[in-house]
Amino acid sequence: MTPLFEEEPRQPFAEPLEEGAVILRGFALARAETLVREIERIAEAAPFRHLVTPGGYSMSVAMTNCGRVGWVSDRRGYRYDPIDPDSGRPWPPLPAAFLELAQGAAAEGGFPGYDPDACLINRYAPGLKLGLHQDRDEEDQWSPIVSVSLGLPALFLWGGKRRADPLRRIRLESGDVVVWGGPARFIYHGVSPLKDGHHALTGGVRFNLTFRKVFGATE
């Protein structure tokens, strides 16, 4: 059956960034329509919202979660919580299509046996960005971050282990997946303001799936 939203075929390939980090170009392209349908289903149970920072500012990028836990932010700080604070119910479970993609991408990036606890789903409208940051709220500080781009293209900012390190600006297309962990786990990264546009699959927005292994191994 022909997909409803057909994109120009691209041959997937790996583009190394540095030790422990790689861009898997086009890795998610063949299943992008399924992933977007799952995002819509998740958002019905846990709608997109604008979280508040500990300083009291509303985040511009809308987000939701699925998995064993979700990432939340409010005046009390940043943390992972098994309960959606808006509904008082557990976050939607990680769809099988999400888990298969995350595990496959992690393995391609050199991290087999990946078992993510959370998937953050960000929705970018034109003009919105994600400031330079490190992901440090997880107990597991070696397993990779797996980041999936869907929809409008974006400029991904890739720095070093210090905020002042030089930045690389890397264009990410729909279906590209970035994997970084191990020695690259605490690289500063972000997203430049999204340019206006239209994508056949997502319209005027970009979705990003960010898979994280939150909890360390237990005895």
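Here, every reference points to the structure presented above.
Residues numbered from 1 in each chain as written. Predicted model: local features only at pLDDT ≥ 70, side-chain atom pairs only at ≥ 80, totals over all residues. Heavy atoms only, no water.

Draft legend 1. Here's a closer look at the nonpolar core. Counting 32 residues, the largest nonpolar core has Phe-98, Ile-121, Val-146, Val-148, Leu-150, Leu-209 and Phe-211 as the members making the most contacts within it. Counting residues per element, the ones that place at least two in this core are strand 2 (21–25), helix 1 (32–45), strand 3 (62–67), helix 2 (96–108), strand 6 (118–124), strand 8 (145–151), strand 11 (177–180) and strand 13 (206–212). One finds Ala-21, Phe-156, Ile-170 and Ala-184 within the second-largest nonpolar core, a separate group that totals 12 residues. (Core = buried A, V, L, I, M, F, W, Y, C linked by side-chain atoms within 4.5 Å. Buried < 20%, exposed > 50% of the residue type's maximum accessible area, 1.4 Å probe, protein only. Helix = DSSP H or I, 4+ residues; strand = E, 2+ residues; numbered from the N terminus.)

Draft legend 2. Region of interest: the pattern of salt bridges. For the coordinates displayed, the defined rule picks out 17 salt bridges. For the salt bridge of Arg-41 with Glu-38, the shortest nitrogen-to-oxygen distance reads 2.7 Å. A residue pair is termed a helical-turn pair when its members lie 3 or 4 positions apart in one helix, as Arg-41 and Glu-38 do in helix 1 at 3 residues. Look at the salt bridges and you will find they share partners, linking Arg-68, Asp-115, Asp-117 and Lys-213 into a network. (Salt bridge = Lys/Arg side-chain N within 4 Å of Asp/Glu carboxyl O.)

Draft legend 3. Molecular detail of the side chain of Arg-49. Mapped onto the elements of the fold, Arg-49 is located in the loop between helix 1 and strand 3. Taking relative accessible area as the criterion, Arg-49 reaches 9% and is therefore assigned buried. In terms of polar contacts, Arg-49 uses its side chain to reach the backbone carbonyl oxygen of Pro-47, at 2.7 Å. Here Arg-49 is in contact with Val-61, Ala-62, Met-63, Thr-64, Asp-84, Asp-86 and Trp-91, once residues within four sequence places are set aside. (Polar contact = N/O pair within 3.5 Å; in protein donor to acceptor, adjacent residues only side chain to side chain. Contact = heavy atoms within 4.5 Å.)

Draft legend 4. View of the pairing of strand 1 (residues 13–18). The sheet contact formed by strand 1 and strand 2 spans 5 bridges and is antiparallel. Among the inter-strand pairings, Ala-14 is bridged to a residue of strand 2, identified as Leu-24. Between strand 1 and strand 2, which follow one another and run antiparallel, lie 2 residues, and Gly-20 among them has a positive phi close to 90°. (Pairing = 2+ DSSP bridges.)

Draft legend 5. Spatial organisation of the packing of aromatic side chains. A full pass over the atoms with the stated rule returns 6 aromatic pairs. Each residue in the set Phe-156, Trp-158 and Trp-180 is aromatic and connected to the rest through ring pairs, giving one cluster. The ring of Phe-48 carries Arg-123 above its face, with NZ or CZ at 4.6 Å from the centroid. Sitting above the plane of the Tyr-124 ring, Arg-206 keeps its charged end 5.2 Å from the centroid. (Phe/Tyr/Trp six-rings, centres within 6.5 Å; stacked < 30°, edge-to-face > 60°. Lys NZ or Arg CZ within 6 Å of the ring centre and 35° of its normal.)

Draft legend 6. Molecular detail of the layout of surface pockets. Size it by volume and the largest pocket reaches roughly 670 Å³. Looking at the largest pocket, it is lined by 33 residues, and the ones nearest its centre are Met-59, Trp-71, Leu-130, Gly-131 and His-133. Within the residue set of the lining of the largest pocket, elements represented by two or more residues are strand 6, strand 7 (130–133), strand 8, strand 12 (189–191) and strand 13. Taken together, the residues of the lining of the largest pocket break down into 14 nonpolar, 12 polar and 7 charged. (1 Å grid on protein atoms, 1.4 Å probe; cavity = no way out; pocket = protein on both sides within 12 Å on 5 of 7 lines; lining within 4 Å. Points joined across faces, edges and corners; volume = space filled by probe spheres on them. Nonpolar A, V, L, I, M, F, W, Y, C, P; charged D, E, K, R; others polar.)

Draft legend 7. Highlighting the sheet that holds strand 2. Strands sit in the order 1-2-11-8-13-6-3 across an open sheet of 7 strands; the sheet is antiparallel. Strands with a single pairing partner mark the edges of an open sheet, and in this sheet they are strand 1 and strand 3. When the angles between neighbouring strand axes are averaged without regard to direction, this sheet yields 20°. Its contacts with the sheet place helix 1 against strand 3, strand 6, strand 8 and strand 13, and it is angled at close to 95° to strand 8. Sheet strands touched by helix 2: strand 2, strand 3, strand 6, strand 8, strand 11 and strand 13. Its angle to strand 8, the strand with the most contacts, is close to 120°. (Axes fitted to C-alpha atoms, helices over the stretch in contact; angles between N-to-C directions.)

Draft legend 8. Spatial organisation of the sheet that holds strand 7. A sheet is described by the order of its strands in space; here 4 strands give the open sequence 7-12-9-10, paired in antiparallel fashion. Unpaired on one side and paired on the other, strand 7 and strand 10 (168–172) mark the two borders of the sheet. On average, adjacent strands in this sheet sit at an angle of 20° to one another, irrespective of strand direction. Summarising the sheet, strand 9 (residues 154–158) and strand 10 pair through 5 bridges and their orientation is antiparallel.

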